[in-house]
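Residue strings, one per chain:
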Amino acid sequence: MQRKKIAVIGGGQIGGIIALMSTQRELGDVTLVDLPEFLNPVRGKTLDIDQLRPHINADVTLRATSDYAEISDADVVVVTAGIPRRPNMSREDLLLINIEIVQGVARQIKAHCPGAFVIVATNPVDTMAYVFHKVSGLPKNRVVGLSGALDTGRFQSFIAAETGLSVKDVSCMVIGGHGPTMVPLVSTASVAGIAITDLLSDAQIDAIVQRTKEAGTEIVNLLGNGSAYFSSAGSIMEMIEAYLGDKKRVISCSALCEGEYGVTGYFLGVPVVIGANGMERVLQASLDESEREALAETARAVIVSAHNSGI
Ligand code: APR
């Protein structure tokens, strides 16, 4: 059977960990694409992982290149090209730099692998996914942004820690823009079906919600030079595996809304089904009054950012 092909544009922190995790899971052959001037460290990374393979019995190949012709057969493309934020920077501060980069990448993907399922990770992600979709002209089911999968993982981790219960039993979702206006859905969050409101006080829940919204910034401030990469890569892996395995997973992603949640023509973090057709559909969740208000506010923020892109 032909092995799957995974391409990552940007062989930095997230790109390297996706290469590692894909190899560990024998998910497919991995190609990291980076600029010629930065290619040597990326080559070193792929060689290092290649030489890890005998220790973990992984039969896949790894490559580093600057030539998009080498990813013409990619099944999945992850876009991490761009700069990450540093302390005192918001994701929006990256817009002007990353927009140029993502436009260039979108043109290359359109030219070389227009049939791939594309996951955009570059921040500010809702706007970068919007720009990627506009510039590449790929259908909406083939373009999603990494947002809610990561934010939901953070919300799950904090609920597990605060309740002292297994993270495996926590079920919840974060929707909205990938920024301070994101909306952790408390009304439907549960541990093995038991509402978190039955397990935690209002003050505990408020603290978890606040920490979830600021989790990326907490890590940026501690790292001092760059943003989260293990959890980002891990959540991208969930999306890749859902697509390659036609799993029909329900994952919160930045997706093009066409009327869903009152938004038309913009990318916003919403629950979507990921399967062999990519982003197969958006699921409509019922929200309580405060969640509806918060979603309207986050939608406004995402739309302003998309307008600021000038695309
Ligand atoms: N084409 C290909 N690669 C590029 C380009 C380009 N035009 N411009 C930059 N890159 C590469 C860089 O050379 C670098 O190797 O993108 C890589 C980015 O890696 P890191 O700086 O390590 O950033 P990372 O932590 O992986 O995050 C990437 O994802 O979560 C977001 O905010 C984060 O925007 C950032 C992106």
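Preceding block: the structure.
If you're wondering where the values come from, they're calculated on a predicted model, not measured in any experiment.

Caption draft 1: Structural detail: the state of the cysteines. Applying the stated criterion across every chain yields a total of zero disulfides. Free cysteine C253: the closest other cysteine sulfur is in C257, separated by 11 Å.

Caption draft 2: Structural view of the pattern of salt bridges. Going through the model one piece at a time under the given rule, you end up with 12 salt bridges. Its salt-bridge partner being R3, residue D29 comes within 2.8 Å of it at the nearest N-O pair. Residue D29 is located in strand β2 (residues 29-33), and its partner R3 is located in the segment before β1 (5-9); the two are separated by 26 residues in the primary sequence. Residue D29 is classed as buried on the basis of its relative accessible area, which comes to 7%. We classify R3 as partly exposed; its relative accessible area is 36%. Measuring nitrogen to oxygen at the nearest pair gives 3.3 Å for the salt bridge that ties D29 to K5. Taken together, the residues span a long stretch of sequence, with D29 in strand β2 and K5 in strand β1 at a distance of 24 residues. For K5, a relative accessible area of 19% puts it in the buried group. Beyond isolated ion pairs, a larger network of salt bridges with shared partners links R3, K5 and D29.

Caption draft 3: Expanded view of the site of the ligand. Within the structure, the ligand sits among 20 residues, and Q13, I14, D34, T80 and N123 are positioned closest to it. D34 has a polar side-chain atom sitting 2.6 Å from an oxygen atom of the ligand. Interatomic distance of 3.2 Å between a backbone N/O atom of I83 and an oxygen atom of the ligand. Here the ligand loses 85% of its free accessible area of 730 Å² to cover by the protein chains. Listed by contribution, the elements that provide at least two residues to the shell around the ligand are α1 (13-24) and α4 (95-112). Split by residue class, the shell around the ligand holds nine nonpolar, 10 polar and one charged.

Caption draft 4: Structural context of the environment of T212. As for its position among the elements, T212 is in helix α8 (residues 202-213). When the C-alpha atoms of T212 and F230 are compared, they prove to be 16 Å apart, with 18 residues separating the residues in sequence. Here T212 is in contact with D151, R154, F155, F158, V174, M182 and P184, once residues within four sequence places are set aside. Here I208 takes part through its backbone oxygen, which lies 2.8 Å from a polar atom of the side chain of T212.

Caption draft 5: Examining the side chain of R154 more closely. Mapped onto the elements, R154 comes out in helix α6 (residues 148-163). Aside from chain neighbours lying at most four places away, what touches R154 is R91, H178, T212, A215, G216, I219, A228 and S231.

Caption draft 6: Representation of the nonpolar core. Ranked by internal contacts, the top residues of the largest apolar core, which has 84 residues, are I9, V77, I109, F132 and I240. No fewer than three residues from each of domain 1 (5-145) and domain 2 (148-308) sit in this core. With residues near it in sequence (within four places) discarded, F132 still touches V79, V102, V105, A106, I109, V118, V120, G137, L138 and V143. With 16 residues, the next largest nonpolar core counts A160, C172, I208 and A215 among its residues.

Caption draft 7: View of the packing of α6 against helix α10 (residues 230-244). Where α6 contacts α10, the axes come no closer than 9 Å and their chain directions differ by 115°. As α6 runs across α10, the sense of the crossing is right-handed. Contacts from A149, L150 and R154 in α6 reach S231, S232, S235 and M239 in α10. Among the residues making up the contact of α6 with α10, the classes are represented as three nonpolar, three polar and one charged.

Thresholds applied
- Residues numbered from 1 in each chain as written.
- Predicted model: local features only at pLDDT ≥ 70, side-chain atom pairs only at ≥ 80, totals over all residues.
- Heavy atoms only, no water.
- Disulfide = S-S within 2.5 Å.
- Salt bridge = Lys/Arg side-chain N within 4 Å of Asp/Glu carboxyl O.
- Helix = DSSP H or I, 4+ residues; strand = E, 2+ residues; numbered from the N terminus.
- Buried < 20%, exposed > 50% of the residue type's maximum accessible area, 1.4 Å probe, protein only.
- Near = heavy atom within 4 Å.
- Polar contact = N/O pair within 3.5 Å; in protein donor to acceptor, adjacent residues only side chain to side chain.
- Areas by Shrake-Rupley, 256 points an atom, 1.4 Å probe, with all protein chains shown as cover.
- Nonpolar A, V, L, I, M, F, W, Y, C, P; charged D, E, K, R; others polar.
- Contact = heavy atoms within 4.5 Å.
- Core = buried A, V, L, I, M, F, W, Y, C linked by side-chain atoms within 4.5 Å.
- Domains from an automatic or database assignment.
- Axes fitted to C-alpha atoms, helices over the stretch in contact; angles between N-to-C directions.
- Left-handed = near helix turned anticlockwise from the far one by under 90°.

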